[in-house]
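# Topology and contacts: notes
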Amino acid sequence: MGLEHWLESIPDVWIYVVVGLVIGIESLGIPLPGEIVLVSASLMAAKGIVDPLLVGACATAGAIVGDSIGFSIGHRGGQGLFDRLGRRFPRHFGPEHVGRAKALFRRWGVWAVFFGRFVALLRILAGPLAGALHLPYRRFLVANVLGAIVWAGGTTAVVYYLGVAAERWLKDLSWVALAVVAVFGLATMVWVRRRARP
């Protein structure tokens, strides 16, 4: 059973809770599929199963709260926290990943938190790393809130409106035309892969 089917099988209120919790826990620093959950819930909103405004609001709240808790944990744990996590979870918190994230913070400062919302690795590390680097919390909070609103609200809106448009388009399209489009898309993908080979 896919994630979207599982989400469809639970009551609406729990969908909002799952969206907020998964994105919040991911933002706290624990690798979870926050973006996949948000996209799935937004597609459900396009089908009329849930309210897109509530999906966006729960995702935004989860992102803000999770990042803030992550900031607090990073502030208390410091670099030692990342050293311990790197030994236990090198795939997500290894020195190379943390080093790249630190380089982005050195370059962009607190705005790495804003831009980090759009990058999977940085989305997990941004809050704890900002705390460990002792960035000023007020500046962090502004970037955190703006990034959460743009990422969560923007993703929800784009996926919702694309989903609504796709539903209308597929209703008006015959199955033969759909098959032609699928074959054309597959042929194009094969051609692009062959051209990309050295």
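Our structure's up above, just so we're on the same page.
Structure report, in brief. (Residues numbered from 1 in each chain as written. Predicted model: local features only at pLDDT ≥ 70, side-chain atom pairs only at ≥ 80, totals over all residues. Heavy atoms only, no water.)

Take the environment of A57 next. Along the chain, A57 falls in helix 4 (residues 52–88). As a C-alpha pair, A57 and A148 span 91 residues in sequence and 9.8 Å in three-dimensional space. (Helix = DSSP H or I, 4+ residues; strand = E, 2+ residues; numbered from the N terminus.)

If you check helix 8 (residues 120–132), its first and last C-alpha atoms are 19 Å apart, about what 13 residues at 1.5 Å a residue would give, namely 18 Å. The set of residues buried in helix 8 consists of L122, R123, I124, L125, A126, G127, P128, L129, A130, G131 and A132. Directly after helix 8, the chain includes H134, whose backbone phi takes a positive value near 55°. (Expected span 1.5 Å × (residues − 1). Buried < 20%, exposed > 50% of the residue type's maximum accessible area, 1.4 Å probe, protein only.)

Turning our attention to the environment of G56. Within the element layout of this structure, G56 appears in helix 4. On the basis of relative accessible area, G56 is assigned to the buried category, the value being 9%. For the pair G56 and V150, spaced 94 residues apart in sequence, the C-alpha separation works out to 10.0 Å.

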